[in-house]
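# Working through the structure, step by step
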Amino acid sequence: MQKKHQKVQVLLDAIPHIKKFYGKTIVIKYGGSAQTSPDLQEKFAEDIVLLKLVGMNPVIVHGGGARISELLEKLNIKSEFIDGHRVTSEETMRVVEMVLSGDINKNITSLLNYHGAKAIGISGKDSSIIKAKPKENGKFGYTGVVTEVNGQLINNLVKEGFIPVIAPIADSATPSHPGFNINADVAASKVASAINAQKVLFLTDIKGVLDKDGNLLNSLDNNDVEKYKKDGTIAGGMIPKVDSCIDAIYNGVNKAHIIDGRVEHSILLELFTSDGIGTQFLRKNGTNNGIDIEKLLNEI
Ligand SMILES: Nc1ncnc2c1ncn2[C@@H]1O[C@H](COP(=O)(O)OP(=O)(O)O)[C@@H](O)[C@H]1O
Ligand SMILES: CC(=O)N[C@@H](CCC(=O)OP(=O)(O)O)C(=O)O
């Protein structure tokens, strides 16, 4: 009897959170490092289907960097990264597209469908949903910067009840061009801004952003991010992630969080519990008479 009451209590506790996010769009960046085991993948799919069933609109943007590097190594092609962004030669681009748009995108899509969703797997090339141009005048090869996202098309899919699953490959709008490789964090942030998502969640393989002593930093603003990047606390693959969080919250997204994708049901823990988990990103404090208005607004 006690156990049954506990179960009911869990559902009751979730009501305010469900109300808050009902009808809202949540972009989830599903990093390669959070896709490691079949068990975790199942839990991820269950979370996404639950969000949809309680009236939220999840949109998935996935990564797969580790799988790309693994295949490149087998093919004896060197992986090179600058500040967390891959440098993409033409042959690397072909591998990137094969792994992201082919393998990973279709696996996530069919897993979600197996769990009862209406998921649709696409890449930024489909109907040119994501357009890009070369990053830093071609210094990164076929790695691109996003110039445009067709938010209306994504919203139309959502309105039709679909869960879009988007691979971070962009169209170049040039015939016989292989397209652009976009860091998945950047793609998630740009998609979230284009559809004015309520939240963007980045699932990764660490608790959140850590300080030099390995302690979790619960919340960061843009000044903190700049300071920690400068002193080397934030490095490698965490750089595009924090930059993408800041970019999102200054461009139409209410909140951004980096959470631990290794924790089972981390999405539900973040959305349906009062404390949340991981690192949240806040717009720079607009303090007034000691009252932090921006912070209060961010907490709503
Ligand atoms: N300050 C930091 N806090 C947490 N992780 C950091 C930090 N600086 C660098 N990292 C690294 O960033 C990694 C996450 O980036 P990445 O491997 O690209 O993940 P994903 O595949 O999810 O995009 C962490 O596993 C960690 O090694
Ligand atoms: C330009 C760039 O860095 N592209 C990434 C795209 C995949 C990705 O970002 O995957 P994760 O989210 O798992 O790291 C790459 O080629 O690895």
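The written sequence of each chain sets the order in which its residues are numbered from 1. Each chain gets a letter, beginning with A, and each ligand a number, beginning with 1, in the order they are written. Reporting in this predicted model follows two pLDDT cut-offs: at least 70 for local features of residues, and 80 or more for side-chain atom pairs to be given and counted; totals over whole chains, interfaces and linings ignore these cut-offs and use all residues. By convention in this description, side-chain values take in all heavy atoms of the structure and omit both hydrogens and water.

Under the convention used in this document: UniProt positions are given in the numbering used here, feature names are shortened, and annotations may be inferred rather than shown by experiment.
In the annotation of an unreviewed UniProt entry, the protein chain is listed under the name Acetylglutamate kinase and assigned to Malaciobacter marinus. UniProt, in its Subcellular location (unreviewed entry) section for the protein chain, records the words "Cytoplasm". Listed under Catalytic activity (unreviewed entry) in UniProt, the entry text for the protein chain is "N-acetyl-L-glutamate + ATP = N-acetyl-L-glutamyl 5-phosphate + ADP".

## Topic: the packing of aromatic side chains
Just so we agree on the cut-off: Side-chain rings of Phe, Tyr and Trp (the six-membered ring for Trp) are treated as a pair once their centres are within 6.5 Å; stacked means planes under 30 degrees apart, edge-to-face means over 60, and tilted covers the remaining angles. Secondary structure elements follow DSSP: runs of H or I of four or more residues count as helices, runs of E of two or more count as strands, with numbering from the N terminus. Comment: the charge-over-ring label is applied if NZ (Lys) or CZ (Arg) is within 6 Å of the ring centre and within 35 degrees of the ring normal.
Scanning the model with the defined rule gives one aromatic pair in all. Between Tyr30 and Phe44 the ring centres are 3.6 Å apart and the planes differ by 5°, which places this aromatic pair in the stacked class. Of this pair, Tyr30 sits in strand 1 (residues 25-30) while Phe44 sits in helix 2 (residues 38-53), placing them 14 residues apart in sequence. In this structure, Lys135 is placed above the aromatic ring of Phe140, and the distance from its NZ or CZ to the ring centre is 5.1 Å. Across from the ring centre of Tyr228, 4.6 Å away, lies the NZ or CZ of Lys227, which sits over that ring.

## Examining the site of ligand 1
Note the cut-off: Only a single heavy atom is needed: when it lies within 4 Å of a molecule or strand, its residue is near that molecule or strand. Any pair of nitrogen or oxygen atoms within 3.5 Å is treated as a polar contact; in protein, a donor-acceptor pairing is required on top of that, and neighbouring residues in sequence qualify only through side-chain atoms on both sides. For the area figures, the Shrake-Rupley method with a 1.4 Å probe applies, and any residue is considered shielded solely by the protein chains shown. Only Asp, Glu, Lys and Arg are considered charged in this grouping, and only Ala, Val, Leu, Ile, Met, Phe, Trp, Tyr, Cys and Pro are considered nonpolar; every other residue, Gly among them, is considered polar.
Ligand 1 sits among 17 residues. The nearest are Ser33, Thr204, Asp205, Thr233 and Lys241. Within the backbone of Ala235, one N or O atom sits 3.1 Å away from a nitrogen atom of ligand 1. The separation between an oxygen atom of ligand 1 and a polar side-chain atom of Lys241 is 2.6 Å. The protein chains hide 73% of the 580 Å² of surface that ligand 1 would expose on its own. Of all elements in the fold, only strand 11 (199-204) and helix 8 (238-249) reach the threshold of two or more residues within the shell around ligand 1. Considering only residue class, the shell around ligand 1 consists of seven nonpolar, seven polar and three charged.

## Here we look at the UniProt feature "binding site: substrate" (unreviewed entry) in the protein chain
As a reminder of what qualifies: Contact between two residues is taken to exist if any of their heavy atoms lie within 4.5 Å; hydrogens are not considered. Summary of the burial criterion: residues with accessible area below 20% of their type's maximum are buried, those above 50% are exposed, and those between are partly exposed, where the area comes from a 1.4 Å probe applied to protein chains only.
Taken from the UniProt record, the annotation "binding site: substrate" (unreviewed entry) applies to Gly64, Gly65, Arg86 and Asn181. Across 118 residues, the annotated set stays spatially compact, with a maximum C-alpha separation of 12.0 Å. Looking at where Gly64 falls in the secondary structure, it is placed in the loop between strand 2 (57-62) and helix 3 (65-74). Setting aside its immediate chain neighbours within four residues, Gly64 contacts Gly32, Val99, Leu100 and Ile104. For Arg86, a relative accessible area of 6% gives the class buried. Residue contacts for Arg86: discarding those within four places in its chain leaves Gly65, Ile68, Ser69, Leu72, Ser79, Glu80, Phe81, Thr92, Val96, Phe140, Thr143 and Asn181.

## Here's the deal with helix 4 (residues 90-114)
What sets the pattern is the α-helix's 3.6 residues per turn: residues three or four places apart point alike. Our working rule: Helices are assigned an expected span. That span is 1.5 Å times one less than the residue count. A residue's bend is the angle separating two fitted axes: one through the seven residues that end there, the other through the seven that start there.
With 25 residues, helix 4 extends 35 Å from end C-alpha to end C-alpha; this agrees with the ideal 36 Å at 1.5 Å per step. Where helix 4 bends most, the angle comes to about 30°, and this point is Asn105. Gly116 occupies a position one or two residues after helix 4 and carries a positive phi of about 105°.

## Focus: the UniProt feature "domain: Aspartate/glutamate/uridylate kinase" (unreviewed entry) in the protein chain
The feature "domain: Aspartate/glutamate/uridylate kinase" (unreviewed entry), as annotated in UniProt, sits at residues 24-260 in this numbering. For the annotated span residues 24-260, helix accounts for 39% and strand for 23% of the residues, and the straight-line distance between the end C-alpha atoms is 22 Å.

## A few points about the site of ligand 2
Neighbouring residues of ligand 2: 15 residues in total, closest Lys29, Gly32, Arg86, Asn181 and Ala184. Lys29 places a side-chain nitrogen or oxygen 2.5 Å from an oxygen atom of ligand 2. Separating an oxygen atom of ligand 2 from a side-chain N or O atom of Asn183 is a distance of 3.4 Å. For ligand 2, whose free accessible area comes to 430 Å², the fraction covered by protein is 90%. Its residues placed into classes, the shell around ligand 2 shows three nonpolar, ten polar and two charged.

## Structural notes on the sheet that holds strand 5 (residues 119-123)
This is how it is decided: Strands pair, by our definition, only if DSSP identifies at least two bridges between them.
Read across the sheet, eight strands follow the order 5-8-2-1-11-13-14-12 without closing on themselves; strand pairing throughout is mixed. In the strand order of this sheet, the two ends are held by strand 5 and strand 12 (219-220), each with one partner. Relative to strand 8 (residues 163-167), strand 5 runs parallel, the two being bridged by five bridges. Residue pairing for strand 8: Ile122 is matched across the bridge by Ile166.

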